[in-house]
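The lines below spell out each chain.
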Amino acid sequence: RFRESLEGGLTITLGLGGCLAAFPQDEWVREADRVDRLTREAAGDPRYARVLFNNAEQVGLDSQGRLVVPARLRAKAGLHRDVTVSGTGRHLEIWDSETFRRRAQADEAAFAAGTLKPQAS
């Protein structure tokens, strides 16, 4: 149901925690500006920007509306046959399904216990 909003393509890069992060182009521009601004203002770590930008690849949907993830990024994220795509508000995360299951279980337990809180960015 989100294919229409992805028809302009996406930028995929390494995400936090071992996943890939896939941004629609307008969100990628916002994220790139945010990271660039933080890095220039010395509030951000330039290594973060280096990893984010050096691993970014623009991709489109194939003729059947599927997202084709570049092989080098699949390898870096340990993606094999079964993957889970998780929406996180402004971007998608692409996980190895078993890794996602384990992380989600731990995160949901922390959420239920009240120890998982949003952080200011």
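For the structure itself, consult the block above.
These notes cover the structure that comes with them. (Residues numbered from 1 in each chain as written. Predicted model: local features only at pLDDT ≥ 70, side-chain atom pairs only at ≥ 80, totals over all residues. Heavy atoms only, no water.)

Details of helix α2 (residues 25-40)
For the record, the criterion: Helical segments are the DSSP runs of H or I of at least four residues, strand segments are the runs of E of at least two, and each set is numbered from the N terminus. To estimate how far a helix should reach, multiply one less than its number of residues by 1.5 Å. For every residue, the accessible area obtained with a 1.4 Å probe (protein chains only) is divided by the maximum for its type, and the residue is called buried under 20%, exposed over 50%, and partly exposed between those limits. By arc we mean the arc of the directions from the helix axis to the C-beta atoms, nothing more. Residues count as neighbours in contact if any of their non-hydrogen atoms are within 4.5 Å of one another.
Helix length check: α2 (16 residues) gives 22 Å between terminal C-alpha atoms against 22 Å at 1.5 Å per residue, within 8%. The set of residues buried in α2 consists of Glu27, Trp28, Glu31, Ala32 and Val35. Within α2, the buried residues cover an arc of 135° as seen down the axis, which keeps them to one side. On the buried face of α2, the contacting elements are β1 (10-14), β2 (20-24) and α3 (46-54).

Focus on the pairing of β2
What counts is decided by this rule: Pairing between two strands requires that DSSP report at least two bridges joining them.
Across the five residues that make up β2, a large majority, five, are buried. Along β2, one buried face is formed by Leu20, Ala22 and Pro24 and the opposite face, lined by Ala21 and Phe23, is buried too. Across five bridges, the pairing between β1 and β2 is antiparallel. If you follow Leu14 over to β2, its bridge partner there is Leu20. Connecting β1 to the next strand, β2, in antiparallel fashion are five residues, including Gly17 with a positive phi near 85°. Sheet analysis places β2 next to strand β5 (residues 92-96), joined by three bridges and oriented antiparallel. Each bridged residue has a counterpart across the sheet, and for Ala21 the counterpart in β5 is Glu93.

This is a description of form; function is not addressed.
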